[in-house]
Amino acid sequence: MGHPNCIVQIVGYKNAGKTTTISKLIAALEQRNLTSTVIKHHGHSSVPPKARYDSERFITAGAKASFVEGGGEVSIQLKKEMSLTELLHLQSLVMTVDVVFVEGFKDTILPNIVLLRDQGDLSLMNRAQTIGIVQRERFDVDRKGTAVFLRNEEEAWISYFVNQIVEMRNEHVQNHL
């Protein structure tokens, strides 16, 4: 199988809404007949029941697969610590999809959507390739040219991010013809 056409990272600290955001974007992309998978990194411990529950949410939303890595365990029952590169390769062997969402792996820089709970999360703003920002409450973010939405502006940010993802995917396809 081939590599995914588009990889989008969702970045945020605990309880920022990463799983919910990914689930909503998966459902919106599915309405456009675009397929997706999720690769999630869960800290440094074994994959807990909540991470497995998150995987179920992704599948219910329409993801074709969900991979969770944490503490050397991959939820597809491989007992091997895997890097994001290895997980992306494994995902590409399992199936070809239009979009792969990556949750976690904060040290990796990919095209990303940043979720901010409050001003204490501003350290996440030191990232390149930020597509946009979703905040729980409005506060100044010094990112000229980057779209910023409030969490409750759901219809607006879903529409914006889906359009950005579709454009990125189309560029990728065009570049690989």
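Just so it is clear, the structure is predicted and the values come from calculations on it, not from any experiment.

Some thoughts on helix α1 (residues 18–31)
Relative to the 20 Å expected for 14 residues at 1.5 Å per residue, α1 spans 20 Å between its end C-alpha atoms, a close match to the ideal helical length. When we look at burial in α1, the residues that qualify are Lys18, Thr19, Thr21, Ile22, Ser23, Leu25, Ile26, Ala28 and Leu29. Looking at the residues trailing α1, positive phi occurs at Asn33, about 60°.

Some details on the confidence of the model for the protein chain
Here the protein chain averages 84 in pLDDT, and 88% of its residues register 70 or above. Mean pLDDT in the protein chain bottoms out at strand β4 (residues 73–74), which sits at 71, and peaks at α1, which reaches 95.

A word on the pattern of salt bridges
Taken as a whole and assessed by the stated rule, the structure comprises 5 salt bridges. The salt bridge partner of Arg169 is Asp98, with a shortest N-O separation of 2.8 Å. One end of the pair, Arg169, is in helix α4 (residues 154–175); the other, Asp98, is in the loop between α3 (84–94) and β5 (99–103), and 71 residues separate them in sequence. Put simply, Arg138 and Glu153 hold a salt bridge, and the shortest N to O gap is 3.5 Å. Of the two residues, Arg138 sits in the loop between β7 (130–135) and β8 (147–150) while Glu153 sits in the loop between β8 and α4, which places them 15 residues apart along the sequence. By relative accessible area, which is 28% here, Glu153 ends up partly exposed.

Conventions we followed
Residues numbered from 1 in each chain as written. Predicted model: local features only at pLDDT ≥ 70, side-chain atom pairs only at ≥ 80, totals over all residues. Heavy atoms only, no water. Helix = DSSP H or I, 4+ residues; strand = E, 2+ residues; numbered from the N terminus. Expected span 1.5 Å × (residues − 1). Buried < 20%, exposed > 50% of the residue type's maximum accessible area, 1.4 Å probe, protein only. pLDDT = per-residue confidence, 0-100. Salt bridge = Lys/Arg side-chain N within 4 Å of Asp/Glu carboxyl O.

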